[in-house]
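One letter stands for each residue in the lines below.
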Amino acid sequence: MITYERLSKIIPADQALACKAMSVSLQQIKNINTLSLPQLAAAFVNTVTTKDLNQINALVTAVPSSVAQFYTDYYATGTGTGNTLVLTDLLGAAVGVTYIDQLNNAVTTINSMGNALANLTTIYIRMENTVNSVYGNAVTGPVTIPAGYAAGTYANADVAFSTALIPNAVIEISNIVTAYPAQTTSLNTEFDTMAQKIITETDNLTLATVNIAELNTTDRSPVMSFVESLPEYGVNKEQNGPTWFLEQVADLTTLGGQAIVGCLREGQNLAVLNNAGIGVDTSIPSTASSPNPVANLIPATYTTAQAANLVVN
């Protein structure tokens, strides 16, 4: 394009500046270099404006902070970059995200408490035995719990629980909290975290209109669609994203599991080759190498004799 300095030597400087300003403004229009003047004029004539949209016209930013905050509050609820949703925000339980670490921490904490939970464990075992009718029919009774915690005879399991087993458990739990305040706080935190993750995943699945219980495991179309999409999934290597998730659930001891990972890596290779301008030819031909047998169809043409019989003399 001609520079302003050169143009100002051809026409008056003020006109050159105005022309250059118009030129720079028009360059902001996408694909303007491929448009003819009549095409550009037609586009200008037929476009509409924001007339009477006073609040839109008053904007000084493309996205007001209030609008951005709305989307942040209602949609940016994931654990990905910028609080975007990732696969494990919906299916984290399948691969143990926000569960495995918490359970391991809980086990470590419990082990550090030694035999502090022995009495509570004994009470829980007695609860289990009561429900399983070890001490007498849990429904019709009577239930006779032997010497020890909650010992006594009760009309049925419900009475045993409400009057003895649960109160004994509450007392023992209070004793543990008093003796091990830091450990009990840690355990509650870990289990609260897992419970909240279950709630979040359930909510996200509902918002995504996914009902796992209604999924048809014998439907072939979703399976084929999933398989064909594996190379595309492989390009997304975000933490807790589709590639990471599928690698966690794929059984690498089987051919099928390794094939899933292989397809993911195929997609990554295709992206690398395409970016480098190297062509690829991985499409499976849609036609068979040998022709299919031709069906014996009803004759669709006349024989010479049949055609002669149709001639009107």
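Preceding block: the structure.
Here is what the cut-offs are and how they apply
Numbering of residues begins from 1 in every chain and follows the order in which that chain's sequence is written. In keeping with the predicted nature of the model, local features appear solely for residues at pLDDT of at least 70, side-chain atom pairs appear and are counted solely at 80 or more, and the whole-chain, interface and lining totals rest on all residues. Here the side-chain values reflect all heavy atoms present in the structure, with hydrogen atoms and water set aside. We count a stretch as a helix when DSSP gives it H or I for four or more residues in a row; a strand needs E for two or more, and each element gets its number in order from the N terminus. It is over C-alpha atoms that the radius of gyration is taken, and the globule rule equals 2.2 Å times the number of residues to the power 0.38. Think of it in three bands: residues with accessible area under 20% of the maximum for their type are buried, residues over 50% are exposed, and the middle band is partly exposed, with areas taken using a 1.4 Å probe on protein chains only. Any two residues whose heavy atoms approach within 4.5 Å are treated as being in contact. The Shrake-Rupley method, run with a 1.4 Å probe, gives the accessible areas here. Residue values count only the displayed protein chains as cover. We treat Lys and Arg as the positive residues and Asp and Glu as the negative residues; His and chain ends play no part in the count. Note that the charge is assigned to NZ on lysines, CZ on arginines, CG on aspartates and CD on glutamates. Orientation is described by axes fitted as lines to C-alpha atoms, over the contacting stretch for helices, and by angles from 0 to 180 degrees between their N-to-C directions. Should an angle lie under 35 degrees it is considered roughly parallel, over 145 roughly antiparallel, and from 65 to 115 roughly perpendicular; all remaining angles are considered oblique. Each residue gets one of three labels, nonpolar for Ala, Val, Leu, Ile, Met, Phe, Trp, Tyr, Cys and Pro, charged for Asp, Glu, Lys and Arg, and polar for the others, Gly among them. Here, patches come from residues exposed beyond 30% relative accessible area and free of salt bridges, joined within 9 Å for like charges and within 5 Å for nonpolar side chains (Val, Leu, Ile, Met, Phe, Trp, Tyr). Here a salt bridge means any side-chain nitrogen of Lys or Arg lying within 4 Å of a carboxyl oxygen belonging to Asp or Glu. Fitting one axis to the seven residues ending at a residue and another to the seven starting there, the bend at that residue is the angle between the two axes. Within 3.5 Å is the distance limit for a polar contact, defined as a pair of N or O atoms, with the added protein rule that one can donate a hydrogen and the other accept it, and that residues adjacent in sequence qualify only through two side-chain atoms. Classification of ring pairs uses Phe, Tyr and Trp, with its six-membered ring standing for Trp, and accepts pairs whose centres are within 6.5 Å; under 30 degrees between planes counts as stacked, over 60 as edge-to-face, and the remaining range as tilted.

Undergrad: Explain the overall build of the protein chain to me, please; I cannot follow it from the model alone.
TA: Tallying secondary structure elements over the protein chain gives 14 helices and two strands in all. The C-alpha radius of gyration of the protein chain comes to 37 Å, more than 25% above the 20 Å expected for a compact globule of 313 residues. A buried classification covers 22% of the 313 residues belonging to the protein chain. In the protein chain, of all internal contacts separated by at least 6 residues, the share reaching a separation of at least 24 is 48%. Of the roughly 22900 Å² of accessible surface on the protein chain, 59% is carried by carbon and sulfur atoms. Put simply, the protein chain has 10 plus and 22 minus side-chain charges, and the middle of one group is 18 Å from the middle of the other.

Undergrad: Please clarify how the packing of helix H11 (residues 220-235) against helix H12 (residues 242-249) should be interpreted in this entry.
TA: Geometry of a packed helix pair, given as the angle between the helix axes and the separation of the axes. Closest axis-to-axis distance for the H11/H12 pair is 8 Å, and the angle between their directions is 120°. When the axes of H11 and H12 are compared, the pair comes out oblique. Two secondary-structure elements touch here, H11 through Phe 226, Leu 230, Tyr 233, Gly 234 and Val 235 and H12 through Pro 242, Thr 243 and Leu 246. The residue inventory of the contact of H11 with H12, partitioned by class, reads six nonpolar, two polar and no charged.

Undergrad: Just checking my understanding: could you explain a nonpolar patch on the surface for this structure?
TA: Residues Val 63, Val 67, Phe 70, Tyr 71, Tyr 74 and Tyr 75 make up a contiguous nonpolar surface patch of about 650 Å² in total accessible area. Relative to the assigned elements, Val 63 resides in the loop between helix H4 (54-57) and helix H5 (65-74). In this structure Val 63 comes out as exposed when scored by relative accessible area, which is 52%.

Undergrad: How should unusual backbone geometry be read in this particular structure?
TA: Across residues other than glycine, the phi torsion is negative in most instances, and most of the peptide bonds are trans. Put simply, Gly 141 and Pro 142 share a cis peptide bond, and its omega is -10°. Residue position: Pro 142 is located in the loop between helix H8 (118-131) and strand S1 (143-145). Residue Asn 31 is not a glycine yet carries a positive backbone phi of 65°. One can find Asn 31 in the loop between helix H2 (13-26) and helix H3 (37-46).

Undergrad: Got a minute to help me understand the pattern of salt bridges in this structure?
TA: Where side chains of opposite charge bring their charged atoms close, a pairing between them can arise. Taken as a whole and assessed by the stated rule, the structure comprises two salt bridges. The residue Asp 52 makes a salt bridge to Lys 51 at a minimum N-O spacing of 3.0 Å. Summarising the burial analysis for this pair, Asp 52 and Lys 51 share the class exposed. We note a salt bridge from Lys 197 to Glu 201, for which the minimum N-O separation is 2.5 Å. You can see Lys 197 and its partner Glu 201 sitting in helix H10 (residues 181-207), four residues apart, about one turn around the helix. The buried category is assigned to Lys 197, whose relative accessible area is 10%.

Undergrad: I would appreciate a short explanation of H11 in the present structure.
TA: When the local axis directions of H11 are compared, the greatest deviation, roughly 45°, occurs at Ser 229, which is followed within four positions by the proline Pro 231. Within H11 the residues assigned to the buried category are Ser 229, Leu 230, Pro 231 and Gly 234. Where H11 is buried, its residues touch H12 and helix H13 (255-275). The backbone nitrogen of Ser 221 lies 3.2 Å from a side-chain oxygen of the residue at the head of H11, namely Asp 219.

Undergrad: Whenever I open this one, the packing of aromatic side chains confuses me. Can you help?
TA: Centre distance and the angle of the planes are the two values used to describe a pair of aromatic rings. By the definition in use, this model includes five aromatic pairs. For the pair Phe 70 and Tyr 71, a centre-to-centre distance of 5.3 Å together with 85° between the ring planes defines the contact as edge-to-face. Using a relative accessible area of 38% as the deciding quantity, one classes Phe 70 as partly exposed. Between Phe 226 and Tyr 233, the aromatic rings sit 6.2 Å apart at their centres with planes inclined by 40°, giving tilted as the arrangement. On the basis of relative accessibility, which here comes to 29%, the residue Tyr 233 falls in the partly exposed class. Of the aromatic side chains, those joined through ring pairs into one cluster are Phe 70, Tyr 71, Tyr 74 and Tyr 75.

Undergrad: Would you take a moment to explain the packing of helix H6 (residues 88-95) against H10 for this structure?
TA: Close contact between H6 and H10 brings their axes to 8 Å; oriented N to C, the two are set at 125°. With respect to H10, the axis of H6 lies oblique. Residue-level inspection shows Thr 88, Asp 89, Leu 90, Leu 91, Gly 92 and Ala 93 of H6 in contact with H10, the latter providing Lys 197, Thr 200, Glu 201, Asn 204 and Leu 205. Split into classes, the residues belonging to the contact of H6 with H10 amount to four nonpolar, four polar and three charged.

Undergrad: I tried to follow the environment of Lys 197 on my own but got confused; where do I start?
TA: The sequence separation of Lys 197 and Ile 56 amounts to 141 residues, and the corresponding C-alpha distance is 40 Å. Not counting residues up to four positions away in its chain, the partners in contact with Lys 197 are Thr 88, Asp 89, Gly 92, Val 97, Thr 98 and Tyr 99. A polar contact of 2.8 Å, which involves the side chain of Lys 197, links it to the backbone oxygen of Thr 88. A distance of 2.5 Å separates the side chain of Lys 197 from the side chain of Glu 201, its partner in a polar contact.

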